[in-house]
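# Structural features, examined
Chain by chain, the residues:
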Amino acid sequence: MSRAEARLPVRVPGPLWSLGLLRSELSVTFRRWRTLALLGVLAAVPVLVGIAVRIETNDGSSLGPGGGGGGGGPAFISQISNNGLFLVFTALAATLPFFLPMAVGVVAGDAIAGEASAGTLRYLLVAPAGRTRLLLTKYATVIAFCLAATLVVAVSALLVGALLFPVGDLITISGTRISYAEGLGRALLIALVVAASLIGVAALGLFVSTLTGSGIAAMATTVGLLITVQILDQIPQLDAVQPYFFSHYWLSFADLMREPVYWDDLTRNLGLQALYAAVFGSAAWARFTTKDITA
């Protein structure tokens, strides 16, 4: 405990005060220009993908598997020209490996370290927020950003897909036909799964944020760890440990477009994210509740 905290009488905030703190954190986070810029970039990705596919298929041709040209790509991209709803799945698959986790890493890395570098962390703690309460509020705010960022991508893709391509019944990966309404329901479920897939990165970024007083350093470290794990997940010689990387099962959300749904990798992904959240969340709490706050 810092001297500033020790000199003041301890006051126990009530539930309404805690909700007010969360509302304040959400307001501050989503009003930052950096946050708005990140959401703007995420919203632009489906627009660029949709325009590119529209131009590619403007002569009446269709994209082959993997997006034509044999270069690989999101598994749903060849279906976009037939049904605009597939742009939602393609955009999520395109943003999940890097853009979405990078945005989450920036927000999570700045959560505590940003307050310390701005000199406001000490005043938050004597408000009285309490270290555990403040840490939980910060993590809840990052989780809210995970959901908001994912929904921004999904909604942008849904609108662009409806404007540029026909919509209607969908053909699943298994070859069965489902209605457009059911397809929308699965798109929402996929968006929720993608958001849940980011809680491990959020906990990791929050832990890194408690280790330093520099917001920029915390953000850079979190993004660097993210890139490193992604690279390691592609090395065949590490296949024995790759199932334990937080990114390994990210694209398992595609199994929600099978009939019947394959749940094995989906449950492994959600369980792994919960494990990362528990481990790094506990590490963040242990670090934050014992460090001396001087800023």
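Bear in mind the structure is a predicted one, so any value in this text is a computation, not a measurement.

Cut-offs applied
Residues numbered from 1 in each chain as written. Predicted model: local features only at pLDDT ≥ 70, side-chain atom pairs only at ≥ 80, totals over all residues. Heavy atoms only, no water. Helix = DSSP H or I, 4+ residues; strand = E, 2+ residues; numbered from the N terminus. Buried < 20%, exposed > 50% of the residue type's maximum accessible area, 1.4 Å probe, protein only. Contact = heavy atoms within 4.5 Å. Phe/Tyr/Trp six-rings, centres within 6.5 Å; stacked < 30°, edge-to-face > 60°. Polar contact = N/O pair within 3.5 Å; in protein donor to acceptor, adjacent residues only side chain to side chain. Salt bridge = Lys/Arg side-chain N within 4 Å of Asp/Glu carboxyl O. Patch = residues over 30% accessible without salt bridge, like charges linked within 9 Å, V, L, I, M, F, W, Y side chains within 5 Å. Areas by Shrake-Rupley, 256 points an atom, 1.4 Å probe, with all protein chains shown as cover. Axes fitted to C-alpha atoms, helices over the stretch in contact; angles between N-to-C directions. Parallel < 35°, antiparallel > 145°, perpendicular 65-115°, else oblique. Nonpolar A, V, L, I, M, F, W, Y, C, P; charged D, E, K, R; others polar.

### Quick look at the environment of Gly205
Within the element layout of this structure, Gly205 appears in helix H9 (residues 199-209). Here Gly205 falls in the buried class, since its relative accessible area comes to 0%. The spatial distance from the C-alpha of Gly205 to the C-alpha of Gly105 is 5.5 Å, given a sequence separation of 100 residues. Beyond its immediate chain neighbours, meaning those up to four positions away, Gly205 contacts Ala108, Gly109 and Thr222.

### Some words on the packing of aromatic side chains
Counted by the stated rule, this structure contains seven aromatic pairs. Relative to Trp250, the ring of Phe246 lies with its centre 5.7 Å away and its plane at 45°, an arrangement referred to as tilted. Ring centres of Tyr276 and Phe280 lie 5.8 Å apart, and the angle between their planes is 15°; on these two criteria the pair is classed as stacked. Residue Tyr276 and its partner Phe280 are both found in helix H11 (residues 264-288); the two are separated by four residues, about one turn of the helix. Taking relative accessible area as the criterion, Tyr276 reaches 16% and is therefore assigned buried. Of the aromatic side chains, those joined through ring pairs into one cluster are Phe207, Phe246, Trp250, Tyr276 and Phe280.

### A word on the side chain of Gln242
Following the sequence through the fold, Gln242 ends up in the loop between helix H10 (215-232) and H11. A residue is classified by how much of its surface remains accessible, and Gln242, at 7% relative accessible area, is buried. Looking at Gln242, its side chain comes within polar contact range of the main-chain oxygen of Ile235, at 2.5 Å. Filtering out sequence-adjacent residues up to four positions away, Gln242 remains in contact with Leu232, Asp233, Gln234, Ile235, Pro236 and His248.

### Side note on the pattern of salt bridges
Pairing between side chains of opposite charge can happen when their charged atoms approach one another. Inspection of every chain in the model, using the stated rule, returns eight salt bridges. Of the charged contacts in the structure, one is a salt bridge between Lys138 and Glu25, with a shortest N-O distance of 2.9 Å. A residue pair is termed long-range when its members are at least 10 positions apart, and Lys138 in helix H7 (residues 131-164) and Glu25 in helix H2 (residues 15-31) qualify at 113 residues. Accessibility classification places Lys138 together with Glu25 in one group, the buried group. Between Glu259 and Arg186 there is a salt bridge; the shortest N-O distance is 2.4 Å.

### As for a nonpolar patch on the surface
Taken together, Leu147, Leu151, Val155, Leu159, Leu188, Leu189, Leu192 and Trp263 make up a surface patch of nonpolar side chains, about 720 Å² in accessible area. Among the elements that line the nonpolar patch, the one with the most residues is H7, at four residues. Relative to the helices and strands, Leu147 resides in helix H7.

### Some words on unusual backbone geometry
Leaving glycine aside, a negative phi is the common case for residues, and trans is the common case for peptide bonds. Glu259 connects to Pro260 through a cis peptide bond whose omega is 5°. Along the polypeptide, Pro260 turns up in the loop between H10 and H11.

### Observations regarding helix H4 (residues 86-95)
With respect to burial, H4 is a largely interior element, nine of its ten residues being buried. Residues of H4 that are buried: Phe86, Leu87, Val88, Phe89, Thr90, Ala91, Leu92, Ala93 and Thr95. Buried residues in H4 make contact with helix H3 (33-56), helix H5 (99-118), H7, strand E1 (170-171) and helix H8 (180-196).

### Notes on the packing of H4 against H8
A packed helix pair is summarised by two numbers, namely the angle formed by the two axes and the spacing between the axes. One way to put it is that H4 packs onto H8 with a least axis distance of 10 Å and a crossing angle of 10°. By the angle between their directions, the pair H4 and H8 is classed as roughly parallel. Side by side, H4 and H8 meet where Val88, Phe89 and Leu92 of the first sit next to Gly183, Ala187, Ile190, Ala191 and Val194 of the second. Partitioning the contact of H4 with H8 into residue classes produces seven nonpolar, one polar and no charged.

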